[in-house]
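# Analysis of the macromolecular model
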Amino acid sequence: MQKTIFLILSIIWFAIASLNATIIRVPANYSTIQAAINAAIAGDTVLVSPGTYFENVVWGNKQLVVGSLFLTTSDTSYIGQTIIDGQLNGLYGMTIGNYEYDTGKVFTGFTITNCNPGGLHIKTPMYIHHVRTINNIGNGIDIFPSQWALVIMYDIVSSYNTLEGIHHHLAKVKLDRIVVANNGRMGIWLQSGIDTISNVLAINNERGIYCWNARLDIFNCTFVNNNYGIWNHEGNAFIHNTILSNFVKNGKGTGSSVTRTDYNMISSGQNSFEIEPA
């Protein structure tokens, strides 16, 4: 139900925005996503047709909507058909923002792959939904915005990246309906932020979630086949209604960690909840 509401609101927003803004189409109007963004002004929509775009896009500070045809149709098949390939040339596939606090940016409906040092780099408050970051060297998604900026992400898949599926620092992040799978280190790394995650599936990562000096609320999540489901290091974590088929580690480090749990199912042999020595 919630997903349907999000999609309906996205379509309504697009219809209203279209009345007063320009829709720039790729490749019909511009052959590349970068050229379309360069030509756009605040309030415009960049609408990208299916294809593989060998680019390292720098969005900058413009308040835009950038989406595949998923944006106008709600057809999820366009996510896999609209690909940004970073060509492993030492740049992110997509970099959004420049540490500003402006809101109004939306990115949706793409697959980002073959990038180094990561797939998607977010440096601004924004909405991101229905995006896949797969097979990147480094992190699938890096979130390093202005301090305490709000980033909202839902319906994200980040998998087979060599480091983290999602990595953030000094932000307020809300994650919903996220899959992080088969990443080389953490499914999700949350550092020095205030975060809420819900309906996350973390599977086959070194650690499902690493919470470092962060305040974290976890609701309705599943952690399976990770070496550690949740590693709380000098943070404050509340775990509610969550399934963990591996360890929860409460690491003290040089500070203190607090992990509160209720209505969870934790199963991992005799030591499913572990306290790290100071």
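Residues numbered from 1 in each chain as written. Predicted model: local features only at pLDDT ≥ 70, side-chain atom pairs only at ≥ 80, totals over all residues. Heavy atoms only, no water.

Let us now look at the overall build of the chain. Of the regular secondary structure elements, the chain holds 4 helices and 27 strands. Of the roughly 11400 Å² that the chain leaves accessible, carbon and sulfur atoms contribute 56%. (Helix = DSSP H or I, 4+ residues; strand = E, 2+ residues; numbered from the N terminus. Areas by Shrake-Rupley, 256 points an atom, 1.4 Å probe, with all protein chains shown as cover.)

So, about the environment of Ser 31. With respect to the helices and strands, Ser 31 occurs in the loop between β1 (23-26) and α2 (33-39). With 22 residues separating them along the chain, Ser 31 and Tyr 53 place their C-alpha atoms 9.3 Å apart. Ignoring anything within four residues of it in the chain, the contact list for Ser 31 reads Val 26 and Tyr 53. (Contact = heavy atoms within 4.5 Å.)

The subject of this paragraph is the pattern of salt bridges. Summed over the entire model, instances satisfying the criterion amount to 3 salt bridges. What emerges from the salt-bridge pattern is a single network uniting Asp 155, Asp 176 and Arg 177. (Salt bridge = Lys/Arg side-chain N within 4 Å of Asp/Glu carboxyl O.)

By the element assignment, Asp 142 lies in strand β12 (residues 139-143). No salt bridge is formed by the buried Asp 142; its nearest oppositely charged neighbour, Arg 185, is found at 8.4 Å. Filtering out sequence-adjacent residues up to four positions away, Asp 142 remains in contact with Tyr 92, Leu 120, His 121, Ile 122 and His 167. (Buried < 20%, exposed > 50% of the residue type's maximum accessible area, 1.4 Å probe, protein only. Lys, Arg positive; Asp, Glu negative; His and termini not counted.)

Moving on: the pairing of strand β21 (residues 228-233). Every other side chain in a regular strand lies on the same face of the sheet, so the side chains alternate between the two faces. With 6 of 6 residues buried, β21 is to be regarded as a mostly interior element. Across 5 bridges, strand β18 (residues 207-212) lies against β21 in parallel orientation. Looking at β21, one finds that Tyr 210 is bridged to Trp 231. (Pairing = 2+ DSSP bridges.)

A few words on the packing of aromatic side chains. According to the stated counting rule, one finds 8 aromatic pairs in the structure shown. Arranged with centres 5.0 Å apart and planes meeting at 5°, the rings of Phe 107 and Phe 110 form a pair that is stacked. Take Phe 107: its relative accessible area is 0%, and that puts it in the buried class. Considering the side-chain rings of Tyr 210 and Trp 212, the 6.4 Å spacing of their centres and the 50° angle between planes classify their relative orientation as tilted. Clustering of aromatic rings is evident, with ring pairs tying together Trp 189, Tyr 210, Trp 212, Tyr 228 and Trp 231. In this arrangement the basic side chain of Arg 207 is found over the ring face of Trp 231, its NZ or CZ atom lying 3.8 Å from the centre. (Phe/Tyr/Trp six-rings, centres within 6.5 Å; stacked < 30°, edge-to-face > 60°. Lys NZ or Arg CZ within 6 Å of the ring centre and 35° of its normal.)

The next thing to look at is the pairing of strand β16 (residues 186-191). For β16, the tally of buried residues reaches 6 of 6 residues, placing the bulk of the element in the interior. With 4 bridges joining them, strand β14 (residues 166-169) and β16 adopt parallel strand pairing. Following the sheet pairing, His 167 is matched in β16 by Trp 189. In this structure, β16 lies alongside β18, joined through 5 bridges in parallel fashion. Considered in β18, the bridge of Met 186 is made with Arg 207.

Let us look at unusual backbone geometry. If a residue is not glycine, its phi is most likely negative; likewise, a peptide bond is most likely trans. Residue Pro 27 follows Val 26 across a cis peptide bond; omega there is 10°. Here Pro 27 lies in the loop between β1 and α2. Not every positive phi belongs to a glycine, and His 130 is a case in point at roughly 55°. Within the secondary structure, His 130 sits in strand β11 (residues 126-134). Assessed through its relative accessible area of 1%, His 130 is described here as buried. One non-glycine residue, Asn 241, adopts positive backbone phi at about 55°. Summarising the element assignment, Asn 241 is placed in the loop between β22 (236-240) and β23 (243-244).

This brings us to the environment of Ile 243. Inspection of the secondary structure assignment puts Ile 243 in strand β23. Here the alpha-carbon distance between Ile 243 and Met 265, two residues 22 residues apart in the chain, equals 4.8 Å.

With respect to the helices and strands, Phe 144 occurs in the loop between β12 and β13 (149-159). Sequence spacing of Phe 144 and Asn 98 is 46 residues, and the spatial spacing of their C-alpha atoms is 9.7 Å. Beyond its immediate sequence surroundings of up to four residues, Phe 144 is in contact with Tyr 99, His 121, Ile 122, Lys 123, His 167 and His 169.

Further remarks concern the confidence of the model for the chain. Overall, the prediction assigns the chain a mean pLDDT of 87, with 83% of residues at 70 or greater. Within the model, pLDDT remains below 50 along residues 269-273, and this stretch shows 8 contacts once partners closer than five positions in the same chain are excluded. (pLDDT = per-residue confidence, 0-100.)

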